[in-house]
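# Geometric and topological summary
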Amino acid sequence: MSNELLSQVSKLTHHLSATRQQCSRWRGQAEMLESQRYSLGSRRQSQQDRAALLEQVLAVLQRLEGTWRGKYEAALATLGSQGLNAVFTSAHYEVVLESVVRRGVANLDIGLVKDGQRVRLKGGSGGSVVKVLAYLLRHLMTISHKPDLRRLEALDEPFAMIGAEQRPALCAMVKEITARLGFQLLLTSHEDELLEAA
């Protein structure tokens, strides 16, 4: 009986040793899983902090962009209005620029107020208002471009619809713009007095 008892004790000891080893492995796995859980929790918190910071940065950038866009539009509208009023003295013009988003793309709508009444851009004063405004905006876009573009502009009859009474003021404005901004102008026209602007 004692051999049987010793055999059972030996089996139980072996089983106990195997169970201890299994428990030790489980304990090691539990510690490893706890360490990974802590590490993942730390990374998750770090990513949440980073996402919150990025949202704040995005909000600041959007406010800056909105402010910049508003000032840029106001400056363009003011210069466009001044240019139109310098050429067309029989009426008071105001250029209105409005930022809109269509299909996820930012656009800039150009409007025109003539003597306090909103008018269609093409109906402002024939096509001449559009021609002068296009000329002014072309120059403004060119000088705002970075890096600087070459300052030579070739225009093929850009003021074909301008009436004779507006041509002297237009020529004076074109000369002033090209002189101030350092542009060279190559201009074709059937109107001799417009050639003086080049």
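All values reported here derive from a predicted model rather than from experimental measurement.

Helices and strands together make up the secondary structure of the protein, namely 4 helices and 5 strands. What you see in the protein, going N to C, is helices and strands ordered as α-β-β-β-α-β-α-β-α. A compact globule built from 198 residues would reach a C-alpha radius of gyration of about 16 Å, whereas the protein, at 38 Å, exceeds it by more than 25%. Overall, the C-alpha framework of the protein stretches about 135 × 35 × 25 Å when taken along its three principal axes. A total of 198 residues make up the protein; the buried ones form 24% of that total. Pairs at least 24 residues apart make up 53% of the contacts formed inside the protein by residues separated by at least 6 positions.

This part is about the pairing of strand β2 (residues 105–114). Sheet topology places strand β1 (residues 93–102) next to β2; 10 bridges connect them, and they run antiparallel. By the bridge assignment, Val100 is partnered in β2 with Asn107. Between β1 and β2, which pair antiparallel one after the other, the connecting turn spans 2 residues, and Arg103 there sits at a positive phi close to 55°. Both β2 and strand β3 (residues 117–119) contribute to a ladder of 3 bridges, which runs antiparallel. In the sheet register, Lys114 faces β3, and the bridge partner there is Gln117. Linking two consecutive strands that pair antiparallel, namely β2 and β3, is a turn of 2 residues; a positive phi of about 50° is found at Asp115 within it.

This brings us to the packing of aromatic side chains. Counted under the stated rule, the structure contains 2 aromatic pairs. Between Phe88 and Tyr93, the ring centres sit 5.8 Å apart and the planes meet at 65°, which makes this aromatic pair edge-to-face. Looking at Tyr93, the relative accessible area reads 2%, which means it is buried.

Between its first and last C-alpha, helix α3 (residues 167–181) extends 21 Å over 15 residues, near the 21 Å set by a 1.5 Å rise per residue. For α3, the complete set of buried residues consists of Arg167, Leu170, Cys171, Met173, Val174, Ile177 and Thr178. Along the axis of α3, the buried positions cluster into a sector of 165°, meaning they face one direction only. Facing away from the buried surface of α3 by more than 90 degrees, the exposed residues are Pro168, Ala179 and Arg180. Contact partners of the buried residues in α3: α1 (2–87), α2 (128–144), β5 (184–188) and α4 (192–195). Taken from the residues just after α3, Gly182 is the one with a positive phi, measuring 70°.

What counts, and where the lines are drawn
- Residues numbered from 1 in each chain as written.
- Predicted model: local features only at pLDDT ≥ 70, side-chain atom pairs only at ≥ 80, totals over all residues.
- Heavy atoms only, no water.
- Helix = DSSP H or I, 4+ residues; strand = E, 2+ residues; numbered from the N terminus.
- Rg over C-alpha atoms; globule rule 2.2 N^0.38 Å.
- Buried < 20%, exposed > 50% of the residue type's maximum accessible area, 1.4 Å probe, protein only.
- Contact = heavy atoms within 4.5 Å.
- Pairing = 2+ DSSP bridges.
- Phe/Tyr/Trp six-rings, centres within 6.5 Å; stacked < 30°, edge-to-face > 60°.
- Expected span 1.5 Å × (residues − 1).
- Arc of directions from axis to C-beta.

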